[in-house]
Amino acid sequence: MGGGTSSYREIEETDCILLWGSNARETHPIFFHHLLKGVKRGARLFAIDPRRTSSARWADVWAGLDVGTDIPLAHAMGREIIVSGLAHNEFITHATTGFEAYKASVLPWTLERGEAATGVPAGVIREMAHAFATARRGMICWTLGITEHHNAVDNVLALINLALLTGHVGRWGSGINPLRGQNNVQGGGDMGALPDRLPGFQHVENDEVRVKFDRTWGVTVPPERGWHLSGMFDAMDRGDLKALYVIGENPAQSEADQHRAERLLRSVDILVVQDVMRTATVELADVVLPAAAGSFESEGTVTSSERRVQRVRRAKAPLGDSREDLAIIVDLAARMGAQWPATDAEGLWNELRTLSPVHGGMSYARLEAEGGLQWPCYYDAHPGEAFLHGRLWDRPVRGPRAPFSVVEHALPVDTLDDDYPLRLTTGRRLEEYNTGVQTGPYASPVRRGETIDISPEDARRLGFREGQPVRVRSRRGSVVAPVHIDTALRPGLTFMTFHFPDDVATNHLTIDAVDPKSGTAEFKAAAVRLEAVEG
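Residues numbered from 1 in each chain as written. Predicted model: local features only at pLDDT ≥ 70, side-chain atom pairs only at ≥ 80, totals over all residues. Heavy atoms only, no water.

Turning to the pairing of strand β20 (residues 493-497), a few remarks are in order. Counting buried positions over the 5 residues of β20 gives 5, a clear majority of the element. Here β20 shows two buried faces, one formed by Leu493, Phe495 and Thr497 and the other by Thr494 and Met496. Pairing between strand β16 (residues 422-427) and β20: 5 bridges, direction parallel. Looking at β20, one finds that Gly427 is bridged to Thr497. (Buried < 20%, exposed > 50% of the residue type's maximum accessible area, 1.4 Å probe, protein only. Helix = DSSP H or I, 4+ residues; strand = E, 2+ residues; numbered from the N terminus. Pairing = 2+ DSSP bridges.)

Structural data, given as structure tokens:
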């Protein structure tokens, strides 16, 4: 369901934190504020990231692994926990399934083999494994450094295995927490903006669930899964998708392999874009529907990474001809013949509460009075649940037990060779936001524009100086960007963002190799080379 198993308050009171593939200091600063409270109270922090990020500077240990080797690192830690007798055997026996198969899959991953595969010293792997296993309370937090790979789901399952192995789930101060990258990403999933789920994360293939929605909506909900975003672009490529309606997204500049994305967006019969800003995708649109700002000019709710639903209140009327997203959609539906009984934000929210059990107790009055509630919140007097999966500790366990997963290591698709010897990984910086739509047009005292960040060792070896323009070339395209020499990078690793696509289109470099389970592209692992720019 995507939401973190734990509340933000709990990370302030945990004992050990694995911050894995996340520069939360810059990309999730509100969450990192809570994390630092935990560190200042004595929690050990292990930052697991190819770069020595600003988050890693607060850590007890930085584990600088090679890009795309998260599974070997998790396997080596799992093996060390098992052979050292530190596994939570009572929890494993009582609350999980599949342990023996998992154990067999990680036993070959000795500390030495883990070091060879990941670049993390064996002693560091051992220290992390022992610290996490022996902590009274422990948390694993991750973000796009784990999920923007061609084997994203397997990466996540490898981390879940570590939590199950140590019993760090289903109790206060212990949990597994994906940090959502943008405001209301979690809320979008909650409302059913997924190809295989209806609101409340209910499976569209479940006959009993669909009957409930059919009755309320007065339609027959198709039982088939839809396409995720990468699947939509593949369908455009095949000619199976002829019309696209884009709301609040800029795929012309946010998709991997930007050349392909632009070509396919131009190929559809009609492209409708509903947005607050004039994006590159707006420039390609046949129809533009100007939307109001969701944060200030609209009514509704947002949901954070900790599953907390909060109210959004309109502060001012929409500017000019812009309208709230909801008003546009309701009007469009009416013109297509739909007569919806609920057409305002609160009315639709109350409809949701009758359809999604986890939101049943969240009335607007309660959200106002209590400053937000965490789902699941099943009925009017339900307080909401700070952490999930406490049932795993019940005697006997209510519902299914938690499964271990057997996952295999797979190297990044875009391989390194003599022609493309450097690994490019991508991410965000604190001062900017995504494709720069909201931050790019405005003056900023800290903006420096896009750079290609390289290690001091690579700068010396290649003969590049700070600020020198170079051409960054991958198997898909090239861009020119100034060099920034960054001590956070190890030799062979480079870094860029997507914040300045009008000047430096980083997505011309990235590969659209997709995880078939999640549809996520491998933004974190492109192969590149750097060339001097004459003149």
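That shown, we press on.
The subject of this paragraph is helix α6 (residues 99-106). For α6, the complete set of buried residues consists of Phe99, Tyr102, Ser105 and Val106. Projected onto a plane normal to the axis of α6, the buried residues spread over an arc of 125° and lie on a single side. Seen from the buried face of α6, the exposed residues on the opposite side, beyond 90 degrees, are Glu100 and Ala104. Those residues of α6 that are buried are in contact with α4 (70-83), α5 (89-95), β4 (96-97) and α10 (152-166). (Arc of directions from axis to C-beta. Contact = heavy atoms within 4.5 Å.)

Take the environment of Ile176 next. By the secondary structure assignment, Ile176 is in strand β6 (residues 175-178). The class of Ile176 is buried, set by a relative accessible area of 10%. Distance from Ile176 to Arg308, taken between C-alpha atoms, is 16 Å for residues 132 residues apart in sequence. Excluding anything up to four places from it in sequence, Ile176 contacts Gly4, Thr5, Ser6, Ile140, Trp142, Ile160, Ala163 and Val169.

Another point: the pattern of salt bridges. All told, the structure shown has 38 salt bridges when counted by the stated rule. Its salt-bridge partner being Glu13, residue Arg9 comes within 2.9 Å of it at the nearest N-O pair. Judged by its relative accessible area of 22%, Glu13 falls in the partly exposed class. What you see here is one network of salt bridges that share partners, running through Asp234, Asp237, Arg260, Arg263 and Asp512. (Salt bridge = Lys/Arg side-chain N within 4 Å of Asp/Glu carboxyl O.)

This part is about the nonpolar core. Counting 50 residues, the largest nonpolar core has Trp20, Leu73, Met77, Ile140, Leu162 and Leu165 as its most contacted members. A total of 8 residues in this core trace back to one element, the largest contributor, which is helix α8 (residues 122-134). With near-sequence residues (within four places) excluded, Met77 lies in contact with Leu18, Trp20, Ile125, Met128, Ala129 and Leu162. Counting residues in each nonpolar core, the second largest holds 18 residues, with Tyr8, Val39, Ala43 and Cys141 among its members. (Core = buried A, V, L, I, M, F, W, Y, C linked by side-chain atoms within 4.5 Å.)

Judged by pairing direction, the sheet is parallel, and its 5 strands sit side by side in the order β3-β2-β1-β5-β6 without closing on themselves. Edge strands, defined here as strands with exactly one partner in the open sheet, are β3 (61-63) and β6. Put simply, the sheet's adjacent strands are angled 15° from each other on average, direction ignored. Pairing analysis gives 5 bridges linking strand β1 (residues 16-20) to strand β5 (residues 138-142), with the strands arranged parallel. Note on β5: the bridge partner recorded for Trp20 is Trp142. (Axes fitted to C-alpha atoms, helices over the stretch in contact; angles between N-to-C directions.)

Below, the discussion takes up the packing of α4 against α6. At a closest axis distance of 9 Å, the pairing of α4 and α6 adopts a crossing angle of 110°. For the element pair α4 / α6, the angle class is roughly perpendicular. Crossing angle aside, the handedness with which α4 passes α6 is left-handed. Each of His75, Gly78, Arg79 and Ile82 in α4 lies in contact with α6, whose residues at this interface are Phe99, Tyr102, Lys103, Ser105 and Val106. Of the residues belonging to the contact of α4 with α6, the class tally is 4 nonpolar, 3 polar and 2 charged. (Parallel < 35°, antiparallel > 145°, perpendicular 65-115°, else oblique. Left-handed = near helix turned anticlockwise from the far one by under 90°. Nonpolar A, V, L, I, M, F, W, Y, C, P; charged D, E, K, R; others polar.)

Moving on: the sheet that holds strand β11 (residues 287-290). Read from one edge to the other, the open sheet built from 3 strands follows the order β9-β10-β11, with strand pairing classed as parallel. The two strands at the open ends of the sheet, each matched to only one other strand, are β9 (243-247) and β11. Direction aside, the axes of adjacent strands within the sheet are offset by 10° on average. Relative to the sheet, helix α17 (residues 325-335) contacts β9, β10 (270-275) and β11, its axis offset from that of β9 by approximately 150°.

Looking now at the packing of aromatic side chains. Summed over all chains, the structure comprises 8 aromatic pairs. The interplanar angle of 65° and the centroid separation of 4.9 Å between the aromatic rings of Phe213 and Trp217 together place this pair among those described as edge-to-face. Here Phe213 pairs with Trp217, and both are found in helix α12 (residues 207-217), just 4 residues apart, close to one helical turn. Assessed through its relative accessible area of 35%, Trp217 is described here as partly exposed. (Phe/Tyr/Trp six-rings, centres within 6.5 Å; stacked < 30°, edge-to-face > 60°.)

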